Amino acid sequence: MPTRDEYLSTLHRDLELFDAAIRAGGDLSQPVDGCGEWTLADLAAHLGGLEHYVAAGIAKGASPDAFPAPPADVAAYADWCAQGAAAIEAALTASPDDTPCWTFFPNAPQEIGTWVRRMTQEHAVHRYDAELAATGTAEAIDPIIARDGIDEFLDLFLARVDKRRPIRIGDLAVQLQSLDGDGDDGAWMVRCGDGPPVVTREHFRGDVALQGSANSVLLALWGRVEPGEMDLEIYGSPDDWARFRAAIAI
């Protein structure tokens, strides 16, 4: 798992890169791959709003009354996002990770450290989204951060999806492997069946396996890339992977 310093330094850089991408995006009308019908303006409204919202919730110690709306003029989005970035970075660096703190995740510690991790991972993926939409190219997510992002998706979001929309796709064992990892740090097994999916950290031959860099595997979990894109290789039935991916979609 990354250290606090690794999280915060990655977040700081991604905040800067996201700001640069938004400012390079002109009228922000570019579509964002993997985000449905979103444009770059929608992405900026989402991430800037989340930054303002979480910073306000940390200060208040409870959920804010409403999710912030972006400025009426899209030309003001970049400055508004920059204000949100400054607010969330200040809130996260002000207190140690174990400081009690409101979050909206019932299955995670109610501590600042949860937001340090979540905001780092949120910005890592959306920075990638913004760069790709604005410029056509995007820097890969650091392998250490990406492997932790895979952990976080499986630890935090899989249960949230299953609670909202039970993942019942029959008996299916899905192996995920990041080839830039070392030993078991780069292997995950997700077993689906009659109950909630069970996740273990192990190398095991599943019904279907997805292999690639940690960056690519993480982006695949978030629906940004498909097998055959980037360096992703699939072993087993592509239909099984598609069925699994559809079931876990956020």
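Relevant structure appears above.
Residues numbered from 1 in each chain as written. Predicted model: local features only at pLDDT ≥ 70, side-chain atom pairs only at ≥ 80, totals over all residues. Heavy atoms only, no water.

S.K.: What should I look at first to understand the overall build of the protein chain in this one?
M.R.: Assigned secondary structure in the protein chain consists of 7 helices and 5 strands. Reading the helices (α) and strands (β) of the protein chain from amino to carboxyl end gives α-α-α-α-α-β-β-β-β-α-β-α. A compact globule built from 250 residues should have a C-alpha radius of gyration of about 18 Å, and the protein chain, at 18 Å, falls within 12% of that. The principal-axis extents of the C-alpha atoms in the protein chain amount to approximately 50 × 40 × 35 Å. If you take every contact in the protein chain between residues at least 6 apart in sequence, the share linking residues at least 24 apart comes to 63%. (Helix = DSSP H or I, 4+ residues; strand = E, 2+ residues; numbered from the N terminus. Rg over C-alpha atoms; globule rule 2.2 N^0.38 Å. Contact = heavy atoms within 4.5 Å.)

S.K.: Please clarify how the nonpolar core should be interpreted in this entry.
M.R.: Among soluble globular proteins, nonpolar side chains are generally buried collectively. In terms of nonpolar packing, the biggest core is built from 57 residues, with Ile58, Leu92, Trp115, Leu176, Trp241 and Phe244 touching the most fellow members. Contacts of Leu176, omitting those with residues within four sequence positions, involve Leu154, Gly186, Ala187, Trp188, Leu210, Val217, Leu221 and Trp241. Cys35, Leu40, Ala44 and Leu47 belong to the second-largest nonpolar core, a separate cluster that totals 19 residues. (Core = buried A, V, L, I, M, F, W, Y, C linked by side-chain atoms within 4.5 Å. Buried < 20%, exposed > 50% of the residue type's maximum accessible area, 1.4 Å probe, protein only.)

S.K.: How should I be thinking about the pattern of salt bridges in this particular structure?
M.R.: Pairing is possible between side chains of opposite charge, provided their charged atoms come close. For the structure shown, the criterion picks out 16 salt bridges. Among the salt bridges present, the one from Asp79 reaches Arg23, with a minimum N-O distance of 3.0 Å. Of the two residues, Asp79 is situated in helix α3 (residues 77–93) and Arg23 in helix α1 (residues 4–24); the sequence distance between them amounts to 56 residues. We note a salt bridge from Lys60 to Asp65, for which the minimum N-O separation is 3.3 Å. In the salt-bridge network here, residues are joined through shared partners; they are Asp14, Arg127 and Glu131. (Salt bridge = Lys/Arg side-chain N within 4 Å of Asp/Glu carboxyl O.)

S.K.: Got a minute to help me understand unusual backbone geometry in this structure?
M.R.: Negative phi characterises most residues that are not glycine, and trans characterises most peptide bonds. Phi at Leu28 takes a positive value of approximately 60°, unusual for a residue other than glycine. Unusually for a residue other than glycine, Met230 sits at a positive phi of about 50°.

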